[in-house]
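Overview (structure and organization)
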Amino acid sequence: MTSSGGAGTGTGCVMHVRCPERLPEAVYRQVLELLGDLSPVVQASPPSAALVDLRGALRCHGVDGGRIEEVRRLGEVLRIRSISRLGVDLRIGIGPTIAVAATASGQAAGERGGPVGGVVAVVRWCGGVACGTVGHGGASVP
């Protein structure tokens, strides 16, 4: 998995997924299986994170990679599936590079922080600052 390219240009779209800390290994493997439903290119980053290359997968899911709102919606679908099937809330970041996606997933907990998940999609990275960020999620899920 490479870190080059830009979101919306068709050359790069990476999803970084953070699971809750101390997640049992069996449940982590189930999260990886959910990620495999999105894209065949999944890289586990134990103990509680993973990378997903979305470049080829966007078209399969009917998502226009140039529209960040649609890409973010794919992250929301993953989050809802994880909550409903596994009872695990995820922090998901989507961006043009691995570094941007990982930074976005770190911010996906919203203003309150803590274990609450969410989805942040970044269109581009401008001099160390996210430009064109869509959504923070962070809504509490019972």
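Just above, that's the structure.
Rules used in this analysis
Residues numbered from 1 in each chain as written. Predicted model: local features only at pLDDT ≥ 70, side-chain atom pairs only at ≥ 80, totals over all residues. Heavy atoms only, no water. Helix = DSSP H or I, 4+ residues; strand = E, 2+ residues; numbered from the N terminus. Buried < 20%, exposed > 50% of the residue type's maximum accessible area, 1.4 Å probe, protein only. Contact = heavy atoms within 4.5 Å. Salt bridge = Lys/Arg side-chain N within 4 Å of Asp/Glu carboxyl O.

Section: unusual backbone geometry
The residue after Pro46, namely Pro47, is reached through a cis peptide bond having omega 15°. With respect to the helices and strands, the residue Pro47 is situated in the loop between strand 2 (42-45) and strand 3 (49-53). With phi around 60°, Arg22 is a residue other than glycine that occupies positive phi space. The residue Arg22 is located in the loop between strand 1 (14-18) and helix 1 (25-38) in this model.

Regarding the environment of Met15
Residue placement: Met15 occurs in strand 1. Given a relative accessible area of 0%, Met15 falls into the buried group. Note: C-alpha distance between Met15 and Gly95 (80 residues apart in sequence) is 6.7 Å. When residues no more than four places from it in sequence are discounted, the contact partners of Met15 are Leu38, Ala50, Leu51, Val52, Leu54, Gly75, Leu78, Ile92, Gly93, Ile94 and Ala101.

Considering the pattern of salt bridges
With the rule as written, the count across this model stands at 4 salt bridges. As a salt-bridge pair, Arg55 and Asp53 come within 2.5 Å of each other at their nearest N and O atoms. On the basis of relative accessibility, which here comes to 39%, the residue Arg55 falls in the partly exposed class. Classification of Asp53 as buried rests on a relative accessible area of 8%. A salt bridge links Arg79 to Asp89; its shortest N-O distance comes to 2.6 Å.

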